[in-house]
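Read off the chains here:
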Amino acid sequence: MNVPADLRYSSSHEWLRLDGDIATVGITDHAQEELTDVVFVELPALGRTVDAADPTAVVESVKAASDIYAPVAGEVVELNPAVEADPSWVNTDPYGNGWLFKLRVKNPADALNLLDAAAYAASIS
Amino acid sequence: MTPELQHSPLEAAHQALAARLVPFAGWNMPVQYTSILNEHHAVRNAAGIFDISHMGQFLVSGPGCATWLNRLLTNNIDKLAPGQGQYTLMLNEQGGVIDDLIAYRSGEAEFFLVVNASMIEEDFFWLAGHQDPDIILRNESALWAGMAIQGPRASAIFASACPGETLPPRNGYATTTAGAIVCRTGYTGEDGFEFFCPAAEGIAAWDSFVAAGAAPCGLGARDTLRLEMGYPLNGNDLSPERSPIEAGLGFFVDLTKPDFIGRDTLLRQKSEGPTVKLSAIQYTDKGAPPRAHYPVLAEDGSPLGELTSGVLSPSLMTGIAMAYLPTAFSKPGTPLQIDVRGRLFPAIVVKKPFYKAG
């Protein structure tokens, strides 16, 4: 299972990459494998303000729709048009082209409350 | 309800293939092996194999069993010669669907019935409750392993895995020299057959079909394939409150038979016209996959009902669904909207099937 060392993780299987006060968010390799073939992604409205753990996007497989939660509080500032056009990026490149949205985080230190790679890897093993 | 999950005689084969097993109709069954989309396309383009051991098998025999079954089922069983099968329905006194099933005439005075897994007990009690002293009714569900081999390569796979045996014609029933039952039926819209053998021989049969090129497929692909054909699933699209006339299955109802349970209601609906019809609905644009219980609205936003089934069609890559709609809204071309978590997606009523082979 691929768990990149430079990311932070939520217990609900989102990853977060922090660059200044901008956080890129997606779902983990483990999550995409559990969800199976992703056929639809519903992204949040640009400018929406979310709290940590708010349902913010929806990822749908053939069988089920799953909520994706904001790992930290912030404002939605960018969406990934590539996954809207081709949702299978979530399966094939979950940490790259399969990212979902970017947040301008309210408090960058919040990311430290998330799991690091070792802790997340342990939680799914 | 039995709280214990039941286990297919093929379960060890699924585990060896690292299938994802989930509870379905009281059974621990594979929902997928690799990917629902890949398995779906394998059946449309080559061949797949499904475990259908959870389905029920009844053997009905005795003099007069055809006449007896004709009073309990909607289709005309007298049309079957030995070695032929037909899709048919079992109704309650109000004309609602208890179950849909396939009845095969396995002998002059013997029928092999294949019923839905979730309905085995209820169907058997219903039949037993109407039993006639001359009729022998046996629930053989625990004796048989069942598998469906489906797809354009199915007959080649049969020839390879069962040398010297002959596939029956479409809807036909045959037995092999080893005592297995082969039925030229399925639930995918593709050519194929259903194979029943003693439970202990199931894994060897499964392995031989897989070795001959059938891709293991789970219940996930079974559902997308059947829905693309507009085939109903009992419990979703069929219910004790809906008749086969409302479900658009009038072709499988012979109202000229002198009597069968539910006939009065069906005759009335046929003459007056049903107030609702199970309708095929397709998105007109991209959208979030439709799913059972999502609300269906008219073009002007007035509520019409809810979806009974829905999925993103892997063959058409668009949303397809079914719903009981007021008759005035059930004509092909009628514009509708599907409410997915508060977002409305445009759709129209279409003719079944959604997908046509080739």
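Just so it is clear, the model here is predicted, and its values are computed rather than measured.

## Digging into the interface of chain B and chain A
Stage number 1. Residue-level contacts link 18 residues of chain B with 16 residues of chain A.
Stage number 2. Carbon and sulfur atoms supply 51% of the area buried between chain B and chain A, which totals about 1400 Å² over both sides.
Stage number 3. The largest contributions to the chain B side of the interface with chain A come from Arg20, Arg291 and Arg341 of chain B, which together make up 36% of the buried area.
Stage number 4. The partner of arginine 291 of chain B in a salt bridge is glutamate 60 of chain A, with the nearest N and O atoms 2.7 Å apart.
Stage number 5. The tally of links from chain B across to chain A stands at 14 residue pairs in polar contact (both at pLDDT 80 or more).
Stage number 6. For the side of chain B that touches chain A, the secondary-structure elements that each account for two or more residues are β3 (27-32), α2 (36-45), α7 (219-228) and β17 (303-313) of chain B.

## A look at the domain arrangement of chain B
Residues and elements named next belong to chain B.
Stage number 1. Each assigned domain of chain B is listed with its residue range as follows: domain 1 (6-55 + 142-228), domain 2 (57-139) and domain 3 (275-350).
Stage number 2. Listed per partner, the contact involves 13 residues of domain 1 and 15 residues of domain 2.
Stage number 3. Taking both sides of the interface into account, the surface hidden between domain 1 and domain 2 amounts to around 1200 Å²; carbon and sulfur atoms contribute 65%.
Stage number 4. Of all residues in domain 1, Met55, Tyr173 and Phe196 give up the largest surface area on contact with domain 2, accounting jointly for 49% of the area buried on that side.
Stage number 5. Between the two partners, domain 1 and domain 2, sit four residue pairs in polar contact (both at pLDDT 80 or more).
Stage number 6. Secondary-structure elements contributing two or more residues to the side of domain 1 that touches domain 2 are β12 (181-183) and β13 (192-198).

## Some details on the pairing of β13 of chain B
All names here are of chain B.
Stage number 1. For β13, the buried fraction is high: six of the seven residues fall into the buried class.
Stage number 2. Direction of pairing for strand β10 (residues 144-150) relative to β13: antiparallel, over a ladder of seven bridges. Considered in β13, the bridge of methionine 147 is made with phenylalanine 195.
Stage number 3. The pairing of β12 with β13 spans three bridges and is antiparallel. When the bridges of β13 are listed, cysteine 183 appears paired with glutamate 194.

Here is what the cut-offs are and how they apply
Residues numbered from 1 in each chain as written. Chains lettered and ligands numbered in written order. Predicted model: local features only at pLDDT ≥ 70, side-chain atom pairs only at ≥ 80, totals over all residues. Heavy atoms only, no water. Contact = heavy atoms within 4.5 Å. Buried area = accessible area lost by both parts, 1.4 Å probe. Salt bridge = Lys/Arg side-chain N within 4 Å of Asp/Glu carboxyl O. Polar contact = N/O pair within 3.5 Å; in protein donor to acceptor, adjacent residues only side chain to side chain. Helix = DSSP H or I, 4+ residues; strand = E, 2+ residues; numbered from the N terminus. Domains from an automatic or database assignment. Buried < 20%, exposed > 50% of the residue type's maximum accessible area, 1.4 Å probe, protein only. Pairing = 2+ DSSP bridges.

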